[in-house]
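Observations on the three-dimensional arrangement
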Amino acid sequence: LDLPPGRFETLTRGPVQVVLDGAHNPQKMAALVGALRAGGTGGATVLCTLMAAPDHKLDDTLAALAPITSHLVVTGYRVGSGDKTKQSFPSAEVAAAARRLGLTAEVAPDLDDGLRRLLERPGPHLVTGSLYLVSLAREALVAAGFTP
């Protein structure tokens with residue numbers, strides 16, 4: 001099964017692997033976590049952001065992600081303009097919600113810093129929570145020498 005870029009895609013540079021998946025709601029996150037757990041993944045360092053939505057969606061999505069997460073790095077994004085603007089929850093709110101669930105979490109001011117923090121921590125590494133974030137992270141990782 002060939003999945004599109006950013007859907008359960010693994011990028012590799014030497015021994016370092018980063019899984020990219022645009023799961024962005026509780027149902028998709030639960031499916032992603034189930035697939036990762038089935039493959040033996042746990043204790044992942046995760047770079048994540050989520051799109052603004054009702055608060056319960058934020059909590060439910062983070063709760064679905066929690067079982068495989070050892071540490072969460074939260075960053076944000078804003079794409080588009082005017083009435084076509086899409087933006088993530090404020091990073092501090094996502095990090096605070098994660099901490100309420102018992103996760104360790106830190107806020108990165110931008111994607112580049114978020115990727116640096118992700119890769120400084122032990123793997124496995126996962127980027128998730130938004131197709132926007134995943135597409136931006138994929139571009140940055142490929143530019144840094146990671147390959148599909």
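Before any of the text, the structure's been laid out above.
Residues numbered from 1 in each chain as written. Predicted model: local features only at pLDDT ≥ 70, side-chain atom pairs only at ≥ 80, totals over all residues. Heavy atoms only, no water.

A count of helices and strands for the chain gives five helices and eight strands. The order of helices and strands in the chain, counted from the N terminus, is β-β-α-β-α-β-β-β-α-β-α-β-α. Dimensions of the chain along its principal axes, counting C-alpha atoms only, are 40 × 35 × 30 Å. Here the chain, with 148 residues, has 42% of them falling under the buried criterion. Sequence-distant contacts in the chain: of pairs separated by 6 or more residues, those separated by 24 or more amount to 73%. Surface summary for the chain: the accessible area is close to 7,200 Å², and the carbon and sulfur share equals 55%. (Helix = DSSP H or I, 4+ residues; strand = E, 2+ residues; numbered from the N terminus. Buried < 20%, exposed > 50% of the residue type's maximum accessible area, 1.4 Å probe, protein only. Contact = heavy atoms within 4.5 Å. Areas by Shrake-Rupley, 256 points an atom, 1.4 Å probe, with all protein chains shown as cover.)

What follows concerns the sheet that holds strand β8 (residues 125–128). Strands sit in the order β1-β2-β8-β3-β4-β7 across an open sheet of six strands; the sheet is mixed. Looking at the sheet topology across the chains shown, the edges are occupied by β1 (9–13) and β7 (105–107). Sheet twist, expressed as the average angle between the axes of neighbouring strands with direction ignored, equals 20°. Here strand β3 (residues 44–48) runs beside strand β4 (residues 69–74); their pairing, made up of five bridges, is parallel. Bridged to A44 within β4 is T69. Where helix α1 (residues 26–38) meets the sheet, it contacts β2 (16–21) and β8, and its direction lies at approximately 165° from that of β8. (Pairing = 2+ DSSP bridges. Axes fitted to C-alpha atoms, helices over the stretch in contact; angles between N-to-C directions.)

Quick look at the pairing of β8 now. Residues of β8 alternate between two faces, with H125 and V127 on one and L126 and T128 on the opposite face, all of them buried. Bridge count for β2 against β8 is four bridges, and the pairing is parallel. Pairing of L20 across the sheet is with V127, part of β8.

Glancing now at the environment of P148. Mapped onto the elements of the fold, P148 is located in the segment after α5 (131–143). Assessed through its relative accessible area of 67%, P148 is described here as exposed. Residues P148 and A30 lie 118 residues apart in sequence; the distance between their C-alpha atoms is 24 Å. Not counting residues within four places of it along the chain, the set of residues in contact with P148 comprises E9, T10, L11 and R138.

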